[in-house]
Structure formats: C-alpha cells, structure tokens
Amino acid sequence: MANSQDRSQGRAGGIASSEAPAINTFTGNRALQIEEPLIFEMGQAGRCGVDLPEPPKVKDRLNGMRRKGDIGLPGLSEPQVVQHYTRLSQKNYAIDMGVYPLGSCTMKHNPRINEKVARLPGIGDLHPLQPVSTVQGALELIDRLAHWLKTLTGMPAVAMSPAAGAHGEMCGMMAIAAALDAKGERAQRKVVLAPESAHGTNPATAAALGFVVKPIPANDRGRVDLAALKAALGPDVAAIMLTNPNTCGLFESEIVEISKAVHTAGAYFYCDGANFNAIVGRVRPGDLGIDCMHINLHKTFSTPHGGGGPGAGPVVLSAALAPYAPYPWIVKNGDKWSVAEDGAKVDGVPLGRLKAFHGQMGMFTRALAYIMSHGADGLKQVAEDAVLNANYVMAALKDVMSPAFEGPCMHEALFDDSFLKDTGVSTLDFAKAMIDEGYHPMTMYFPLVVHGAMLIEPTESVAKEDLDQFIGALRSLTERAKTGTAAEAFKAAPLYSPRRRLDETLAARKPVLRWKPSNNPPGSDPMKQAAE
Ligand SMILES: *Cc1c(COP(=O)(O)O)cnc(C)c1O
C-alpha cells in the first residue's frame, strides 16, 4: 500500500508542479494532449488517401437529377486519417488502460483468447444462411454453450436467441405470460412486482408487455422487504422480477422464502441474472426456486460490449416455462445437428421467434471460450475473486467513506454520500476529481435507493497492487474533501483532462451539431494541383 501511494504521489507531483511557468504553445497542444478538430475541419477537399481510377462515363439514368455541388467529404491522406483516429482513441479511457471501477456491467477484461477463437476461419466467416450441413460445428458450439448454461444454473432449458439482457427479460416475461394464458389466468394476473432497487429494464419490460408494475420497498439491510412483498402478493400478481445479487451488490438472503411465497400465491419468479458473475460456480439459481433468468453473456463471461453492443442474453427456463421457449434451438439426431425452426413439429407451444437466425454467434463463441478456458474450477474462482476484490475495496475504504449497508458485499462495494456531508463536495465533484487521478469514475447515483450512491465493481481481473493504488487515490481524495476547504477545487475538477467540466444541461438542450467546413475549396488542393 505504501509503495503504491508513493507511486501515485510521484505521478501527481510530476503533473501538478506549480513552479512550471504556464506557456501558450503555438499549436494549442499541451505536450501529448493534442487539440483535435473534427475530421470535417481538417485536410483539403478533394484530397484522397487512395488512388482511384477515373469512373467510367455512364449514361445518366436519373433523369437529369445530378448532384450540382460538392459532396463535402473530408479530404485527408492516409497518414492523416490514421493519426486523427489514433489521437482520438488516446482521449478515451479504456478497459485496456487501467482500473475500470464500473465493472462487468459496463466492461471487464476480455481475455484475448476469446477474440482469437471468435476469428478462427469457420467461425468468424460463417453466414447465417449457409446450409445446415456446412455449419455442424457451429451448431455443436451453440449446443455445448447451452449445456454449460443449464448446468451452471441448474435449469432444464435455455433459450439462446435473445440479443441482450433486456431482450432476455422480454423473452422470459413472454414465457410467463404464455404460461398464465394456458392456465386461463392472464387477464386476472396483471401485476408484476419489482423491488425499488430493480434495474430500469425490469419495470420497462413488464410495462411493455402490458403488466402493471408495483414497486416493493427495500429494508434497511438493502434487501427486499419480505413482509411488504408478502403483503403485495395476491391473485392479481403474475410475477416478481428480482435481481440477485441485487443492484446494491447484496445477496438476497431470503430468496428461498421469497420464491416459496411467490409460488404459493400462484405467481412466477423472474430473476434478473445480470450479476451472475458474483455467484457463478457457487450457487445454482435453479436451486433457489427461480422460474426463469437471463444471463448477460457479455457481462458474466466477458466479451466487449461498450458503445451499445453487441450482447447476448440467453434465458434459462424451469420445467414449467420450458414448453414456451422461442424458436430456434439446436437438435441432435444421431450424429447430425439441426435447427428446430418455426413450424417444426415439437412438444410444447413455442413463443415463435424473437430474433432473426440463431442468436449472437460471435458472443456465443467468446462466452464458450471464456467458460472452457476457465473450466468449472476457474469459473468458481471468478465469482470468488470478484467478491473478494469488492470486499477488499469495501474494507479498505469503510473507515473514510460511508458504506451504504453494513456487512460484506458481493461483487460491488456500495457507498453513499454521507461521508461528504458538510464538505461542500458532491458525489459528482468527487467523481470528477477521480479523473485527475487517472481513473474513470465508478457508477454514480445508482442504485436510486441510496442517496448519492457510488458503486464500485472492480471485477475478478484486477491485480492487488492496482487495487491498492485505486484505494490510495480514493482515500487521498476523501481526506482532501474532509478538510472542508477543498470544495472549490473539487468543483473545478477535472483539471488535467482534455476537456474540463461541461455544462451538460446546455449540451443536452442546445447541442452544437454543425461543423465548420474546411476552408480549402476543391481546386485549391496543392497535392491535387501538383498531380494535374
Ligand atoms: C445490464 C443489466 C440489464 C440489461 O442488460 P442489457 O444487456 O444491457 O440489455 C438488466 N439488469 C441488470 C441488473 C443489468 O445489470
């Protein structure tokens, strides 16, 4: 710990040296922090990085509707393009650059072996419309992953096609709606219970399917209030949607009793399994009485998913819901693999199709590579290390920051803002100051049940010395905030990032969506003129 603090002090000293005179550089750059214009503001119109042949003269088939003006493409040489995007990439904080306390929900380390396997010829270049006889290995791969998911969750069936967690929720809740329909109870059971700490996608899914969402409060231990849940259960309830471990990073310790109460009331138990990484190999959701659960392959089993995709959200189903699993699924006849598609003769009453083709093949491949490279023992260790790392952070910070709940956590350490009381520093200020320390801030202001929440998920793959430096930075910021005289400095943070604090309201209300076209009209391009 001492060692890592030395390191971080050394670094801060290097940057903040107050003796260095401020200089206005000619370029506006500050050493390696290079001001980067938009690509449309660069270069010269008409310049091109490749040597394209003159297009052949063709007869106008557009009835004279020809473009009169310039097309307005940026004109850059190949090195200019490469340099532009490389410089932009260096402004991003990335999972490959350092500790990323947002955790698996946003990004965790993606072992490179996954990428290697996903790009193997015969996997990376498959086409979904290839004849089934040419993709036997791919079908076996999907089936093998399905087998792992059923085994790890202790559930008899899995629908592989949903394309993300929220899509999986839709699939599972549609299966529940179909099961209620089959019992003639769909009209009567309109209510879906969602704990206050639920991920926003839970109530959204229920509402999208026409259910009425009823919130269930949390108790002072950050778990579902069992008495309130029991009081809300009745003949009008279709299901509960519960996240376990929940969004406060806590195991729902009364989950078995919750499941019994829900089933006694004739309702179904949907579990949001996005946090499966905290319990994989240790707990089988099937043993807890869960009827269906989506698994975010892109979270638990790694694979890059920043920037909106792709993901994969297979849903495991209990025996009661398995008959409603959507098409398609993989079938083995002798030694031949095939796909049960819409209209196949099957037992059960499939929901139909939720997605074109078979699901997210690239994600399936990466997830299976992750699972098989860890093995059963390694997966158990993933959960143990994820929980150990979060508890290490919790233990190392609980005397200076304020844990939201007492006791150990699962894979996430949750703090509230009470340690900042009367300092004039807010959760947001604290997070911005972390940027100056070289860290991407943790999840802030979520879950909503905790005031000024700061949710830290280190994941299983961060090294102890890196965690120590992260902890050292947070302790140092906390101490500075608590001096009571640092509020102004915190409000000014970040100081060292390419951009300072932005007026986010103004940016949202009055976005600047135009660029200055390059001042260099076509014809003025010296490179082009030289060529002519
Ligand atoms: C991420 C997440 C979801 C939604 O998953 P997507 O793949 O983003 O659709 C749902 N619930 C919880 C608890 C999550 O963390």
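The paragraphs below set out a description of the structure included in this document. Residues take numbers from 1 onward in each chain, read along the sequence in its written order. The predicted nature of this model means local features are confined to residues of pLDDT at least 70 and side-chain atom pairs, given and counted, to a pLDDT of 80 or more, with totals for whole chains, interfaces and linings taken over all residues. With hydrogens and water excluded, all non-hydrogen atoms of the structure serve as input to the side-chain values.

**Quick word on the site of the ligand**
Thinking step 1. Neighbouring residues of the ligand: 13 residues in total, closest Gly-165, Ala-166, Asp-272, His-298 and Lys-299.
Thinking step 2. Gly-165 places a polar main-chain atom, nitrogen or oxygen, 2.8 Å from an oxygen atom of the ligand.
Thinking step 3. Note that accessible areas follow from Shrake-Rupley with a 1.4 Å probe, and for residues the cover is restricted to the protein chains shown. In the complex, 84% of the free accessible area of the ligand, which totals 380 Å², lies under the protein chains.
Thinking step 4. Numbering of helices and strands runs from the N terminus, with a helix taken as a DSSP run of H or I at least four residues long and a strand as a DSSP run of E at least two residues long. Elements with a minimum of two residues in the shell around the ligand: α5 (165-182) and α9 (297-300).
Thinking step 5. Top element by residues in the shell around the ligand is α5. It accounts for three residues.
Thinking step 6. Residue polarity is assigned by list, with Asp, Glu, Lys and Arg as charged and Ala, Val, Leu, Ile, Met, Phe, Trp, Tyr, Cys and Pro as nonpolar; anything else, Gly included, falls into the polar class. In the shell around the ligand, the residues fall into four nonpolar, six polar and three charged. Only a single heavy atom is needed: when it lies within 4 Å of a molecule or strand, its residue is near that molecule or strand. For this analysis, a polar contact is any N or O atom pair within 3.5 Å, provided that within protein one partner can donate a hydrogen and the other can accept it, and provided that sequence-adjacent residues contribute only side-chain to side-chain pairs.

**Comments concerning helix α11 (residues 427-436)**
Thinking step 1. The buried label goes to any residue with under 20% of its type's maximum accessible area, the exposed label to any with over 50%, and the partly exposed label to all in between, with areas taken from a 1.4 Å probe on protein chains only. The element α11 is extensively covered by neighbouring structure, given that eight of its ten residues are classed as buried.
Thinking step 2. Those residues of α11 that sit buried are Thr-427, Asp-429, Phe-430, Ala-431, Lys-432, Ala-433, Met-434 and Asp-436.
Thinking step 3. Any two residues whose heavy atoms approach within 4.5 Å at even a single point are treated as in contact. Residues of α11 that are buried sit in contact with β12 (443-444), β13 (454-456), α12 (464-482), α13 (487-492) and α14 (504-509).
Thinking step 4. Of the residues trailing α11, Gly-438 is marked for its positive phi of about 90°.

**Some words on the side chain of Asp-291**
Thinking step 1. With respect to the helices and strands, Asp-291 occurs in the loop between β5 (268-272) and β6 (292-294).
Thinking step 2. We treat Lys and Arg as the positive residues and Asp and Glu as the negative residues; His and chain ends play no part in the count. For salt bridges, the criterion is a side-chain nitrogen of Lys or Arg within 4 Å of an Asp or Glu carboxyl oxygen. Here Asp-291 is buried and forms no salt bridge, its nearest opposite-charge partner Lys-183 lying at an N-O distance of 8.8 Å.
Thinking step 3. Of note is the side chain of Asp-291, whose polar atom sits 2.7 Å from the side chain of His-263.
Thinking step 4. For Asp-291, the residues in contact, after removing those within four places along its chain, are Met-155, His-263, Tyr-268, Phe-269, Val-316, Leu-317, Ser-318 and Leu-321.

**Notes on the sheet that holds strand β10 (residues 402-403)**
Thinking step 1. The sheet built from four strands is open, its strands ordered β10-β11-β13-β12 with antiparallel pairing. Since the sheet does not close on itself, it has two edges, and those belong to β10 and β12, each with one partner.
Thinking step 2. The pairing criterion is simple: DSSP has to find at least two bridges between the two strands. As paired strands, strand β11 (residues 413-416) and β13 are joined by three bridges and run antiparallel to one another. Along β13, the bridge assignment pairs Ala-413 with Ile-456.

**Details of the pairing of strand β9 (residues 336-340)**
Thinking step 1. Relative to β9, strand β8 (residues 329-333) runs antiparallel, the two sharing five bridges. The residue of β9 that forms the bridge with Ile-330 is Val-339.
Thinking step 2. Counting the residues between successive antiparallel strands, the hairpin from β8 to β9 contains two residues, one of them, Gly-334, with a positive phi of roughly 60°.

**Some words on the sheet that holds strand β2 (residues 191-195)**
Thinking step 1. Taken together, the seven strands give an open sheet; going across it, the order is β1-β7-β6-β5-β4-β2-β3, and neighbouring strands pair in mixed fashion. On the outer flanks of this sheet lie β1 (157-159) and β3 (212-216), each paired with one strand and no other. Across the sheet, the mean angle from the axis of one strand to that of its neighbour is 25°, orientation sign disregarded.
Thinking step 2. Of the strand pairs in this sheet, β6 and strand β7 (residues 315-317) are connected by three bridges, and their pairing is antiparallel. Residue pairing across strands places Cys-292 opposite Leu-317, the latter belonging to β7.
Thinking step 3. Strands in contact with α5 are β1, β2, β4 (237-243), β5, β6 and β7; relative to β5, the strand with the most contacts, it is inclined by about 175°.
Thinking step 4. Along the sheet face, helix α6 (residues 201-208) touches β2, β3, β4 and β5 and points at about 155° away from the line of β4. For every element, the axis is a line fit to its C-alpha atoms; helices are fit only across the contacting stretch, and the angle between N-to-C directions ranges from 0 to 180 degrees.

**A short note on the nonpolar core**
Thinking step 1. As used here, the term nonpolar core means buried Ala, Val, Leu, Ile, Met, Phe, Trp, Tyr and Cys residues forming a set that is joined through side-chain atoms within 4.5 Å. By size, the foremost hydrophobic cluster in this structure holds 57 residues, and its most contacted members are Leu-145, Leu-193, Leu-229, Leu-297 and Phe-301.
Thinking step 2. The set of elements that each furnish at least two residues to this core consists of α4 (136-153), β2, α7 (226-232), β4, α8 (255-264), β5, β9 and α10 (361-397).
Thinking step 3. No other element matches the ten residues that α10 contributes to this core.
Thinking step 4. Beyond its immediate sequence surroundings of up to four residues, Leu-193 is in contact with Lys-214, Ile-216, Leu-229, Ala-232, Leu-233, Val-237, Ala-239, Ile-240 and Met-241.

**Quick look at unusual backbone geometry**
Residues apart from glycine generally show negative phi values, whereas peptide bonds are mostly found in trans.
Thinking step 1. Note the cis peptide between Tyr-327 and Pro-328, where omega equals -5°.
Thinking step 2. Unlike most non-glycine residues, Ser-302 shows phi in positive territory, near 60°.
Thinking step 3. Relative to the helices and strands, Ser-302 is located in the loop between α9 and β7.
Thinking step 4. A positive phi angle, near 65°, is found at Asp-422, a position not held by glycine.

**Some words on the state of the cysteines**
Thinking step 1. Note on disulfides: each one is a pair of cysteine sulfur atoms within 2.5 Å. Under the definition given, this model contains zero disulfides.
Thinking step 2. For Cys-248, which is in no disulfide, the shortest distance to another cysteine sulfur is to Cys-409 and amounts to 11 Å.

**Focus on the pattern of salt bridges**
Thinking step 1. In the structure shown here, the tally under the stated rule is 21 salt bridges.
Thinking step 2. Among the salt bridges present, the one from Arg-366 reaches Glu-115, with a minimum N-O distance of 2.9 Å. Taken together, the residues Arg-366 in helix α10 and Glu-115 in helix α3 (residues 112-118) connect sequence positions 251 residues apart. Taken as a pair, Arg-366 and Glu-115 share a single burial class, namely buried.
Thinking step 3. The partner of Lys-464 in a salt bridge is Asp-468, with the nearest N and O atoms 3.0 Å apart.

**A word on the packing of α5 against α6**
Working note: a packed helix pair is described by the angle between its axes plus the distance between those axes.
Thinking step 1. Viewed as axis vectors pointing N to C, α5 and α6 meet at an angle of 45°, and their least axial separation amounts to 9 Å. Between α5 and α6, the interaxial angle falls into the category oblique. By crossing handedness, the relation of α5 to α6 is classed as right-handed. Between α5, through Ala-166, Glu-169, Met-170 and Met-173, and α6, the contact on the second element is made entirely by Thr-201, Asn-202, Thr-205 and Ala-208.
Thinking step 2. Classifying every residue of the contact of α5 with α6 gives four nonpolar, three polar and one charged. Note on angle classes: values under 35 degrees are labelled roughly parallel, values over 145 roughly antiparallel, values of 65 to 115 roughly perpendicular, and the remainder oblique. Two helices cross in a left-handed way if the nearer one is turned anticlockwise from the farther one by less than a right angle. They cross in a right-handed way if the turn is clockwise.

Keep in mind these values describe shape, not function.
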